[in-house]
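An overview of the molecular structure
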Amino acid sequence: IPKYQWKSFVLGGNSIGGYSSMAVAANDSATGKHVSSSGTTGTGRCNGLVLMNAAGPVKTPDEVSAEQLRSVAYDTSTDSLPLCKPPPRPLSRAFGNGLLVYLRPQIQSICKSLYPTNPDAVDSALCADIKRDSFDPGAIHVMMSGAKLPPPRTANELLSADFGGPEPGESSFDGPVLVAQGVLDPLNDSRDRMNRFGALRDNITMDPIEAGHCPHDELPEQVAESIQRWI
C-alpha cells in the first residue's frame, strides 16, 4: 500500500483463497481497540470483499445455538482448544503421497467435473500447472496439514455476523461483501452455502452463477460483470 499510495482496496478469493481473503480482511480491520489474530495492527483500508465459493465453516443461527458456539479466539485465549493429536508422521506422509499418486492421472477429469457449464475451460495448461505443483516439495505437507491444524475461525467471526460473531475486541470485517457463487459446485451444497453467507448480516450481496467450483475461471465474463455491478 505505501508503495502504490492506495487509499483503499478490495480483496477477493476462490475456495481456500476465499477463506484466506476473509481472514486477511478481518485482520486488516484491527485498528484502535481491536486486535487481529496475529496481534498486529491492520491498515483499515480494505473496503470490500469478493468471495467465490469460499471454503470454511459458515454457521446458521440454529447451529450456533445448538453447539453453544464459542469463537476460536475465545478458545485460544482461554487455552480451551483440544489437544493436537495428529496421526504418526510416517503414516500421514504415506497417506498423502498415496493420495497424490492416485489423483495425478485424474487431474483433467476431476477439473472438468468442477467446470460443469464450460468444461472446455479446462485446458492442457491448467492441468499441467496443477500436476507440476503436486510435485512441489511442500505439496505433501499441505496434504498432511489437515490432521494438524486447529479448528478454523468461522465466517461468522470473520465477517461480523449477527450471530456467532467475534468476541468483543476481536477484529472482524464488517464492510460490503459480494458472494459470486458457482451454484453448480459438486463439492458441496453450493446454493445453501451462498444463502448461509447472505444470512450472516446486512451488506452481503449474493449473486448465483451457473458454474462450478471455480466460477471466475469457468465463466470469467459473468463473474467480472457481477463484480462490476457490485462495485
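Sequence order sets the numbering: in each chain, residues are counted from 1 along the sequence as written. Per-residue local features are limited, in this predicted model, to residues with pLDDT of at least 70; the limit for side-chain atom pairs, both in listing and counting, is 80 or more; totals at the level of whole chains, interfaces and linings are taken over all residues. Hydrogens and water are ignored here; the side-chain numbers use all heavy atoms of the structure.

1. Describing the overall build of the protein chain
- Strands are runs of DSSP state E lasting at least 2 residues, helices are runs of H or I lasting at least 4, and numbering of each runs from the N terminus. When helices and strands are counted, the protein chain shows eleven helices and four strands.
- At 19 Å, the protein chain has a C-alpha radius of gyration in line with the 17 Å of a compact globule built from 231 residues.
- With the C-alpha coordinates of the protein chain rotated into their principal frame, the extents come out at 50 × 50 × 45 Å.
- Buried residues in the protein chain amount to 38% of all 231 residues.
- The contact criterion used is simple: two residues touch if any of their non-hydrogen atoms lie within 4.5 Å. Considering only residue pairs separated by 6 or more positions, the protein chain has 73% of its internal contacts joining residues 24 or more positions apart.
- Summed over all atoms, the accessible surface of the protein chain reaches about 13,000 Å², with 56% contributed by carbon and sulfur.
- We score Asp and Glu as negative and Lys and Arg as positive, and we do not count His or the chain ends. Positions of charges follow a simple convention, taking NZ of Lys, CZ of Arg, CG of Asp or CD of Glu. For the protein chain, the distance from the average site of its 20 positive side-chain charges to the average site of its 26 negative ones is 8 Å. C-alpha atoms define the radius of gyration in this analysis, and the globule rule sets the expected value at 2.2 Å times the number of residues to the power 0.38. For every residue, the accessible area (1.4 Å probe, protein chains only) is compared with the maximum for its type, and the residue is labelled buried under 20%, exposed over 50%, or partly exposed between those bounds. Surface accessibility follows the Shrake-Rupley procedure with a 1.4 Å probe radius. Residue values consider only the protein chains on display as shielding.

2. Re the environment of G182
- On the secondary structure map, G182 appears in strand β3 (residues 177–182).
- Since its relative accessible area comes to 0%, G182 is described here as buried.
- Residues within four places of G182 in sequence aside, it is in contact with N53, S190, I209, A211, G212 and P215.

3. Structural notes on the state of the cysteines
- The disulfide definition used here is simple: a pair of cysteine sulfur atoms within 2.5 Å. By the definition in use, this model includes zero disulfides.
- Summary of cysteine pairing: C111 is not part of a disulfide, and the nearest cysteine sulfur, belonging to C127, is at 5.2 Å.
- For C111, a relative accessible area of 10% corresponds to the buried category.
- A disulfide-free cysteine, C214 has its sulfur positioned 7.5 Å from the sulfur of C111, the nearest such atom.
- Exposure remark for C214: the relative accessible area of 14% places this residue in the buried category.

4. Here's the deal with the pairing of strand β2 (residues 46–52)
- Counted residue by residue, β2 has six buried out of seven residues, so it is predominantly covered.
- In this structure, β2 lies alongside β3, joined through three bridges in parallel fashion. What sits directly across from V50, in β3, is L178. For two strands to be treated as a pair, DSSP must find no fewer than two bridges joining them.

5. As for the environment of H216
- Counting through the fold element by element, H216 comes out in helix α10 (residues 215–218).
- On the accessibility criterion, H216 (34% relative accessible area) is partly exposed.
- When the C-alpha atoms of H216 and M52 are compared, they prove to be 7.4 Å apart, with 164 residues separating the residues in sequence.
- Among all residues touching H216, those that are not within four sequence positions of it are N14, M52 and V223.

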